[in-house]
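Chain by chain, the residues run as shown.
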Amino acid sequence: MGALPQSILFCCDHNAVRSPMAEGIMKKLYGLETYVQSVGVVNDLEIDGFAISVCKEIGVEMSRHQSRSFDEMEQTGEALSGFDLIVSLSPASQRRALDLTRFYHLTVEYWSIMDPTGLGELRDQKLTAYRQTRDQLVDQMQRKWGEGR
């Protein structure tokens, strides 16, 4: 098990499903031990309702999440150089994170987490796909940093 980073940024394509799920789960599991934020390559979607639902099942509240992009994060004064670890959850966010951090001494990791959007036709099938993504995030964090609180 590795030590918890002091600050972590999760990123994905739109900051609407995987990265906000990861942010919420990380906060739930590890509390205030780590500063956690999330962003997308672009901010063109609101937080996904299925993501909100499946996270609520495990006590993670996400309904007030405001999606934002890498650019918006920096415009509000939060620099990537302030994070110890950047975890990308999509190939596009991995490329963007590596491009933006090439002059910083930062760790950028890629976690292969399933994108549940577009999977399943019926509501129950969609919820099952989103639960799989949620559970992959929980498993990855617990393997990396332990059970949490």
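Data block above holds the structure.
Conventions adopted
Residues numbered from 1 in each chain as written. Predicted model: local features only at pLDDT ≥ 70, side-chain atom pairs only at ≥ 80, totals over all residues. Heavy atoms only, no water. Helix = DSSP H or I, 4+ residues; strand = E, 2+ residues; numbered from the N terminus. Buried < 20%, exposed > 50% of the residue type's maximum accessible area, 1.4 Å probe, protein only. Pairing = 2+ DSSP bridges. Right-handed = clockwise from strand over helix to strand, strands pointing away. Phe/Tyr/Trp six-rings, centres within 6.5 Å; stacked < 30°, edge-to-face > 60°.

J.: Describe unusual backbone geometry, listing the residues and the values that go with them.
T.: In the Ramachandran plot, Asn 15 falls in the positive-phi region, its phi being about 55 degrees despite a non-glycine side chain. Summarising the element assignment, Asn 15 is placed in the loop between strand E1 (7-12) and helix H1 (18-30). Residue Asn 15 is classed as buried on the basis of its relative accessible area of 0%.

J.: Describe in detail the pairing of E1, supporting the description with residues and values.
T.: Burial runs high along E1: six of the six residues are buried. Neither face of E1 is exposed, since Ser 7, Leu 9 and Cys 11 on one face and Ile 8, Phe 10 and Cys 12 on the opposite face are all buried. Relative to strand E2 (residues 35-40), E1 runs parallel, the two sharing six bridges. Paired with Cys 12 across the bridge in E2 is Gly 40. Taken together, E1, H1 and E2 form a β-α-β motif whose crossover is right-handed.

J.: So, the packing of aromatic side chains: which residues are in play, and what are the values?
T.: Counted under the stated rule, the structure contains five aromatic pairs. When the ring of Phe 10 is compared with that of Trp 111, the centres are 5.8 Å apart and the planes differ by 65 degrees; the resulting orientation is edge-to-face. Of this pair, Phe 10 sits in strand E1 while Trp 111 is found in the loop between strand E4 (107-110) and helix H5 (123-145), placing the two residues 101 residues apart along the sequence. For the pair shown, Phe 10 and Trp 111 are each scored as buried. Pairing Tyr 35 with Phe 83 gives two aromatic rings, centres 6.0 Å apart and planes at 25 degrees, and the pair type is stacked. Here Phe 83 lies in the loop between helix H3 (70-75) and strand E3 (85-88) and Tyr 35 lies in strand E2, a separation of 48 residues in the sequence. The buried category is assigned to Phe 83, whose relative accessible area is 2%. Among the aromatic residues, those joined into a ring-pair cluster are Phe 10, Tyr 30, Trp 111 and Trp 145.

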